[in-house]
Amino acid sequence: MISVKTAHELEQMRVACRISALALKAAGEAIEAGITTADIDKIVYDTIIRHGAKPNFKGLYGFPGSACISVNDQVIHGIPSKKVVIRPGDIVSVDTGAVIGGFHGDNAATFACGKVDSEAQRLMDVTRESLYKGIAAAVVGSRVGDISAAVQAWVEQNGFSVVRSFVGHGVGKKLHEEPEVPNFGTAGRGPRLVGGMTLAIEPMVNQKGYGVKTLSDEWTVVTADGGLSAHFEHTIAITANGPEILTVAKEEA
Ligand code: MG
């Protein structure tokens, strides 16, 4: 079952999503040479707690951190560590989520540490753009496959590849709900989109091949060929007025 949120539930989703976005913003602003991924995780944790929410990744399936922090060839699910020091030229994918009032938010972005090489910059740009192509396709009456196809087309036109093994998802009272939202697929296929659905759209894009493997820590997913990877994600709502991005880092009025 794909859950459809009431107007009141969407209001609660906006709260959780805003806090998730503030945590991601704080992480991005903290990235500099010499910081460890454990330091970034602490900033994410503190931001979420300060706003009265809880980090929904912590303890989920046993994950030890508040954020997943994945550097360079790491795709997703990097475990924050004091041993991982960010260096100039690194690209750092941070995924954060918060739960408050029984509703979840989820978002991610890849940040550059200082100046990165032009191919890394292009990978980040294309991945971010592909997320917005997917969001633009998330309209009432369309299907999940329209989102998937829009993301995939933009990525592949630009010579990169979309990860197959991990996908976006519905989000709401649980962090991971139906439906799956793949970043590859066929327009016109999959579940029909109706107003009140809330989805986490999250392209994971590799510089070279789309293959990935999981490291022996049983969490960190890396590219199989050692190429770079980037990840951008928003939680959105399907509405009669078009897609609404819920993970917006607005400060309180
Ligand atoms: Mg997600």
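Please read all numbers here as calculations on a predicted model, not as lab measurements.

What counts, and where the lines are drawn
- Residues numbered from 1 in each chain as written.
- Predicted model: local features only at pLDDT ≥ 70, side-chain atom pairs only at ≥ 80, totals over all residues.
- Heavy atoms only, no water.
- Pairing = 2+ DSSP bridges.
- Helix = DSSP H or I, 4+ residues; strand = E, 2+ residues; numbered from the N terminus.
- Axes fitted to C-alpha atoms, helices over the stretch in contact; angles between N-to-C directions.
- Left-handed = near helix turned anticlockwise from the far one by under 90°.
- Contact = heavy atoms within 4.5 Å.
- Donors = N, O, S within 2.8 Å, 3.2 Å for Na, K, Ca; no water.
- Buried < 20%, exposed > 50% of the residue type's maximum accessible area, 1.4 Å probe, protein only.
- Polar contact = N/O pair within 3.5 Å; in protein donor to acceptor, adjacent residues only side chain to side chain.
- Expected span 1.5 Å × (residues − 1).
- Phe/Tyr/Trp six-rings, centres within 6.5 Å; stacked < 30°, edge-to-face > 60°.
- Lys NZ or Arg CZ within 6 Å of the ring centre and 35° of its normal.
- Core = buried A, V, L, I, M, F, W, Y, C linked by side-chain atoms within 4.5 Å.

(A) Seen up close, the sheet that holds strand β12 (residues 221–223). Strand order across the open sheet formed by three strands is β3-β12-β11, with antiparallel pairing between neighbours. Either end of the sheet is taken by a strand with one partner, and the two such strands are β3 (74–76) and β11 (212–214). This sheet shows a mean twist of 40° between the axes of neighbouring strands, independent of strand direction. Bridging between β11 and β12 involves three bridges; their strand directions are antiparallel. Looking across to β12, one finds that T214 is bridged to V221.

(B) Structural view of the packing of helix α1 (residues 7–30) against helix α2 (residues 37–50). α2 packs onto α1 with a crossing angle of 150° between their chain directions and a minimal axis gap of 9 Å. Seen from above, α1 lies across α2 with right-handed handedness. When α1 is examined against α2, the residues I19, L22, A23, A26, A27 and A30 are found in contact with a partner set consisting of I40, I43, V44, T47 and I48.

(C) Structural view of the coordination of the magnesium ion. Bound to the magnesium ion are the protein donor atoms D106 (OD), H169 (NE2), E202 (OE) and E233 (OE), situated 2.1 to 2.4 Å from the metal. Read in sequence order, the donor residues coordinating the magnesium ion give the pattern D-x62-H-x32-E-x30-E. Highlighted residues: H169 in strand β7 (residues 168–170) and E233 in the loop between β13 (229–231) and β14 (234–237), separated in sequence by 64 residues. Under the relative-accessibility criterion, E233 is labelled buried at 1%.

(D) Spatial organisation of the sheet that holds β13. Pairing in this open sheet of three strands is antiparallel, and the strands run β6-β10-β13 from one edge to the other. A single partner strand is all that each edge strand has here, and the edge strands are β6 (161–162) and β13. Strand direction decides the pairing type here: β6 and strand β10 (residues 204–206), joined by two bridges, are antiparallel. Bridge assignment links S161 to a residue of β10, and that residue is N206. The sheet strands contacting helix α3 (residues 118–136) are β10 and β13, and the helix crosses β13 at an angle near 35°.

(E) How the structure looks around the environment of S161. Mapping S161 onto the fold places it in strand β6. Between the C-alpha atom of S161 and that of K208, which follows or precedes it by 47 residues, the distance is 6.5 Å. Among all residues touching S161, those that are not within four sequence positions of it are V155, M204, V205, N206, K208, G209 and Y210. Looking at S161, its side chain comes within polar contact range of the main-chain oxygen of K208, at 2.6 Å.

(F) Local environment of α2. The end-to-end C-alpha separation of α2 is 20 Å, in line with the 20 Å expected for 14 residues at 1.5 Å each. Packing partners of the buried residues in α2 comprise α1, β1 (54–55), β2 (67–71) and β4 (91–100). With its phi angle positive at about 85°, G52 sits one or two positions after the end of α2.

(G) Representation of the packing of aromatic side chains within the structure. According to the stated counting rule, one finds one aromatic pair in the structure shown. Measuring from centroid to centroid gives 5.0 Å for F63 and W219, while their planes differ by 80°, and the two rings are edge-to-face. Taken together, the residues span a long stretch of sequence, with F63 in the loop between β1 and β2 and W219 in the loop between β11 and β12 at a distance of 156 residues. Over the aromatic face of F184 sits the side chain of R164, whose NZ or CZ is 5.3 Å from the ring centroid. Looking at R164, its charged tip hangs above the ring of Y210, at a distance of 4.0 Å from the centre.

(H) Region of the structure containing the nonpolar core. Core analysis: the largest hydrophobic core is formed by 49 residues, its most contacted members being I31, I86, V94, I147, L193, L199 and I201. The set of elements that each furnish at least two residues to this core consists of α1, α2, β2, β4, β5 (103–112), α3, α4 (144–157) and β9 (198–201). With six residues, α3 is the single largest residue contributor to this core. For V94, the residues in contact, after removing those within four places along its chain, are L24, A27, I31, A67, C68, I69, N107, A108, A109 and F111. C17, V171, L175 and W219 belong to the second-largest nonpolar core, a separate cluster that totals 13 residues.

The values reported here are purely geometric and, on their own, carry no functional implication.
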